[in-house]
Number of protein chains: 2
Amino acid sequence: MRTFAVVGHLAPTGNGFPLDDLPGSAGRMDILCRCVNAALSISHGIRRDAEIHLILLGPPSPPKDLLLQGSVVRSLSPDERSTAALIRKALALPTGESFRESSPGILVRRGGLAGLIADGGYAVLSEDGRDMRTFPDLPGAFLLSDHLDFTAEEEEILPGLPRISVGPRVLHADHAITVLQNELDRREAGWS
Amino acid sequence: MRTFAVVGHLAPTGNGFPLDDLPGSAGRMDILCRCVNAALSISHGIRRDAEIHLILLGPPSPPKDLLLQGSVVRSLSPDERSTAALIRKALALPTGESFRESSPGILVRRGGLAGLIADGGYAVLSEDGRDMRTFPDLPGAFLLSDHLDFTAEEEEILPGLPRISVGPRVLHADHAITVLQNELDRREAGWS
């Protein structure tokens, strides 16, 4: 299983955001939608061995942990708008400590970064990390931030986690996921 | 300079398409917008050393060649909707044999794949190609198709071009561009 988690610092935790303004009043929901695409979508199909958590920290009721499971999800298209519509539907659900399913493979719970990291196994994708290609074995879970850096408070719960870089240029979060998926695909298939 | 070209087999050549239905009635314009993002966009900036041609083959007046130049373009955001709005604005221009500028770094002309390929230097990104990592030197221009394969007629003008694969899984066109950009970034920076 490949697990990704992306922190959306401004991303809404309610279902009132507009699909026509994902980068603006929807708190850069466009980035998170592209991350879902990069984590779960391949040509003419879904990566059944992958899942992605979106940690939403914007108003009105943060934090929320929205999980999309490639093994189960249906009707997931690669475009931003339809993905945002699925997320919005999930955010209409009342949340508790446990995951509740909105549609197949799309679940939501109350919870933030600390609880997720406690599950263990995460590496942080970061431009100051060690080149992914130099790891003999890569971990199975990867944490990223959206367009903003991790806050000082968030960094405090990350020490000890391996830090991995995907390349010499600082990329958008979704591009970093895509590059990493390619590296994992290659290792799995025995490509160099 | 890194040049990308993507054939949009159903993509509109007029400005009448809706921004709210990019994957449907806008002929998979969502894919082309994500390709623009993958070719030109990095975190907090634009790749000034890259450009992308969109070869649009849908109604009402195909073919058109829409060029976005990273060196010049302004106001390019990474989300699909705003990119589609820029493309739509360019498609309102009357077209001739020469490029005409719609906004800085966004140009359009009448023309299709054959004319573009004649410029020379292109490799085809294809799942049956040779692994990109095994090329001692990579070319500077790359041709991709959207969600559809190249037609038999298109394939007839491609023989002799190198065919390059980015990995063992068949990826969306925009993901293939992202992976290739990373490989080019690494080579440029002296990373392995």
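Residues numbered from 1 in each chain as written. Chains lettered and ligands numbered in written order. Predicted model: local features only at pLDDT ≥ 70, side-chain atom pairs only at ≥ 80, totals over all residues. Heavy atoms only, no water.

## Quick word on the confidence of the model for chain A
Where the model shows low pLDDT, its predicted coordinates should not be examined in detail. When pLDDT is averaged across chain A, the result is 97; 100% of the residues are at 70 or more. Both scores are given for the predicted complex: the pTM is 0.98, the ipTM 0.97. (pLDDT = per-residue confidence, 0-100.)

## Structural notes on the pairing of strand β5 (residues 64–69) of chain A
Residues and elements named next belong to chain A. In terms of burial, β5 is largely enclosed, as five of its six residues are buried. As defined by bridge partners, strand β4 (residues 50–56) adjoins β5 across six bridges and the pair is classed as antiparallel. Residue Ile52 lies in a different strand from β5, and its bridge partner there is Leu68. Here β5 runs beside strand β7 (residues 106–110); their pairing, made up of five bridges, is antiparallel. Across the sheet, the residue bridging to Lys64 is Arg110, located in β7. (Buried < 20%, exposed > 50% of the residue type's maximum accessible area, 1.4 Å probe, protein only. Helix = DSSP H or I, 4+ residues; strand = E, 2+ residues; numbered from the N terminus. Pairing = 2+ DSSP bridges.)

## With respect to the sheet that holds β5(A)
All names here are of chain A. In spatial order, the strands read β6-β7-β5-β4-β1-β9-β8-β10; together these eight strands make up an open sheet with mixed pairing. Every interior strand has two partners, whereas the edge strands, β6 (100–103) and β10 (163–165), have only one. Here the average twist between neighbouring strands, direction ignored, is 30°. Packed on one face of the sheet, helix α2 (residues 80–90) meets β4, β5, β6 and β7 and runs near 140° to β6. (Axes fitted to C-alpha atoms, helices over the stretch in contact; angles between N-to-C directions. Contact = heavy atoms within 4.5 Å.)

## Notes on the relation of the copies chain B and chain A
By a simple turn and slide, chain B fits onto chain A: the slide is 0.0 Å along the axis, the RMSD is 0.0 Å, and the turn is 180°. The transformation relating the two chain copies, once decomposed into turn and shift, fits a two-fold axis. For chain B, the residue whose C-alpha comes nearest the rotation axis is Val179(B), separated from it by 2.6 Å. (Least-squares fit on C-alpha atoms with pLDDT ≥ 70 in both.)

## Quick notes on the pairing of strand β8 (residues 122–131) of chain B
Side-chain direction in a regular strand flips from residue to residue, so the side chains alternate between the two faces of the sheet. Residues and elements named next belong to chain B. Among the ten residues of β8, seven are classified as buried, and the element is accordingly described as predominantly covered. Of the strand pairs in this sheet, β8 and strand β9 (residues 141–145) are connected by three bridges, and their pairing is parallel. If you follow Val124 over to β9, its bridge partner there is Leu143. Bridge count between β8 and strand β10 (residues 163–165): four bridges; the pairing is parallel. Its bridge partner lying in β10, Leu125 is registered against Ile164.

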